[in-house]
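Geometric and topological summary
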Amino acid sequence: MLFMCHQMALEHESKTKSDKSSSSGSSSPAVQSTTHATGQMRDANVPIIWVLGGPGCGKGTQCEKIVAKYNFSHFSTGDLLRDEVASGSEKGKELQDMMKKGILVANETVLKLLEAAMVKALNGTVGYLIDGYPREPAQGPEFEKFIAPVDIILYFECSNETLVARILKRASESATVRADDNEETLKTRIATFRENTEKILVQYPTQLRRINAERAPADIFADVEKAIDELLATKGKK
């Protein structure tokens, strides 16, 4: 549970004074580069897809298929933050210290890291998959203001029962069991996810693509392909 809380803390908008501490110290190269890159993504005309779905919906499998077929770049804000910490940069040390103290990382910091990664991949990518972001209703508009508008949202829909069953099955087959992979905690995680996600989705009625994720991965991917092919056509990429 502690790891989950740290991960969630990393990916949520800060309501604390961490804004000040995040900007006052020395920035890592990744964060520094975004101060000069803001606006570059907006002019790039590269497709941007947000990928959302509850824990156990299978979006990780679908992202792998998308990357393999379409050569999209796949980014998770949690991974980017952990990579920054692992780099040993000054910014990474700040983030690690905030994690240990349970302080939420400012969304601006998350977006700077994300934009830096997107700009770095720009010349070699067909599009972007932003996995698990936004997590809160306010984060979507901030992404679009700071980076670029989202083109479509792939939302993988599953019933609560299916999500719980899949995660418990995964846990039973894994050598390492997460402390939060128990039915009671899962139901709480899923309820929180649904409350936030519905508030996010209602803001993007024209971009939203709801996909039935109760089916076999190949059947799900057929719908994913249709959505992405249509997007690429509108972008003049196909």
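Right above here is the structure, for reference.
Figured I'd write up the structure that's included with this text. (Residues numbered from 1 in each chain as written. Predicted model: local features only at pLDDT ≥ 70, side-chain atom pairs only at ≥ 80, totals over all residues. Heavy atoms only, no water.)

As for the overall build of the protein
What counts is decided by this rule: Think of it this way: any DSSP run of H or I at least four residues long counts as a helix, any run of E at least two long counts as a strand, and we number them from the N terminus. Here, residues are in contact when the closest pair of their heavy atoms is within 4.5 Å.
Per the secondary structure count, the protein includes eleven helices and five strands. Taking as baseline every contact in the protein between residues at least 6 positions apart, the subset at least 24 positions apart corresponds to 84%.

Things to note about the nonpolar core
Quick reminder of the rule: To define a nonpolar core, start from buried Ala, Val, Leu, Ile, Met, Phe, Trp, Tyr and Cys residues and group those joined through side-chain atoms within 4.5 Å. Only protein chains enter the accessibility calculation, which uses a 1.4 Å probe; a residue whose area is less than 20% of its type maximum is buried, one above 50% is exposed, and one in between is partly exposed.
Of all hydrophobic cores here, the largest spans 34 residues; its most connected members are Ile-48, Phe-75, Met-118, Tyr-128, Ile-130 and Phe-143. Breaking this core down by element, the ones donating at least two residues are strand E1 (48-53), helix H5 (77-87), helix H6 (90-101), helix H7 (107-121), strand E3 (128-131), strand E4 (152-157) and helix H10 (183-201). Per element, the largest residue contribution to this core is seven residues, and it comes from H7. Not counting residues up to four positions away in its chain, the partners in contact with Ile-130 are Ile-48, Ile-49, Trp-50, Val-51, Phe-75, Leu-114, Met-118 and Phe-143. The next biggest cluster of nonpolar side chains, apart from the first, holds 26 residues, and it includes Val-51, Cys-57, Tyr-70 and Cys-158.

Details of the sheet that holds E1
Note the cut-off: Only strands joined by at least two bridges in the DSSP assignment are considered to pair. All axes are obtained by fitting lines to C-alpha atoms, using only the stretch in contact for helices, and the reported angles, taken between N-to-C directions, cover 0 to 180 degrees.
The sheet built from five strands is open, its strands ordered E2-E3-E1-E4-E5 with parallel pairing. Strands at the two margins of the open sheet, each flanked by one partner only, are strand E2 (73-76) and strand E5 (208-212). With direction set aside, neighbouring strand axes in the sheet form an average angle of 25°. Bridge count between E1 and E3: four bridges; the pairing is parallel. Looking at the pairing, Ile-48 lines up with Tyr-128 of E3. The sheet contacts of helix H4 (residues 59-70) involve E1, E2, E3 and E4, and relative to E3 the element is tilted by about 165°. Lying on the sheet, H5 is in contact with E2 and E3; it crosses E2 at an angle near 75°.

Structural notes on the state of the cysteines
Going by this rule: The disulfide criterion used throughout: a pair of cysteine sulfur atoms within 2.5 Å.
Overall, the coordinates contain zero disulfides when judged by the stated rule. Left unpaired, Cys-57 is separated from the closest cysteine sulfur, that of Cys-158, by 6.1 Å. The thiol sulfur of Cys-63 is not disulfide-bonded, and the nearest other cysteine sulfur, from Cys-57, lies at 8.8 Å.

Describing helix H8 (residues 139-146)
Put simply, the rule is: Regarding the arc, it is the one traced by the directions from the helix axis to the C-beta atoms.
Three or more residues of H8 are buried, namely Gln-139, Gly-140, Phe-143 and Glu-144. Taken down its axis, H8 places every buried residue within 135° of arc, on the same side.

Observations concerning H5
Buried residues of H5: Thr-77, Gly-78, Leu-80, Leu-81, Glu-84 and Val-85, and no others. One face of H5 carries all of its buried residues, which in axial projection span an arc of 165°. Exposed and oriented more than 90 degrees from the buried face of H5 are Asp-83 and Ala-86.

Description of the packing of aromatic side chains
We count it as follows: Any two of the Phe, Tyr and Trp rings considered here, Trp counted by its six-membered ring, make a pair once their centres fall within 6.5 Å; the pair's planes then place it as stacked at under 30 degrees, edge-to-face at over 60, or tilted in between. Look at NZ for Lys and CZ for Arg. If either is within 6 Å of the ring centre and within 35 degrees of the ring normal, a charge sits over the ring.
The tally for this structure, following the rule as stated, stands at six aromatic pairs. With a centroid separation of 6.1 Å and 45° between ring planes, the pair formed by Tyr-133 and Phe-143 is classed as tilted. With Tyr-133 in the loop between E3 and H8 and Phe-143 in helix H8, this pair connects stretches of sequence that are ten residues apart. Of the two residues, Tyr-133 and Phe-143, both sit in the buried class. Consider the rings of Tyr-155 and Phe-193, whose centres lie 6.4 Å apart with planes at 35°: the pair is tilted. One end of the pair, Tyr-155, is in strand E4; the other, Phe-193, is in helix H10, and 38 residues separate them in sequence. In this structure an aromatic cluster arises from ring pairing among Trp-50, Tyr-133, Phe-143 and Tyr-204. A cation sits over an aromatic face here: Lys-65 above Phe-221, 5.8 Å from the ring centre.

What to know about the packing of H7 against H8
Selection rule: Angles below 35 degrees are treated as roughly parallel, those above 145 as roughly antiparallel, those between 65 and 115 as roughly perpendicular, and all remaining angles as oblique. For any pair of crossing helices, the crossing counts as left-handed if the nearer helix is rotated counterclockwise from the farther one by less than a right angle, and right-handed if it is rotated clockwise. Residue type decides the class: Asp, Glu, Lys and Arg count as charged, Ala, Val, Leu, Ile, Met, Phe, Trp, Tyr, Cys and Pro as nonpolar, and the leftover types, Gly among them, as polar.
The geometry of H7 relative to H8 is characterised by a closest axis approach of 11 Å and an angle of 45° between their N-to-C directions. On the basis of their axis angle, the class for H7 and H8 is oblique. Along this stretch, H7 crosses H8, giving a crossing that reads as right-handed. Contacts between H7 and H8 pair Asn-107, Leu-111, Lys-112, Leu-114, Glu-115 and Met-118 from the former with Gln-139, Glu-142, Phe-143 and Phe-146 from the latter. Split by residue class, the contact of H7 with H8 holds five nonpolar, two polar and three charged.

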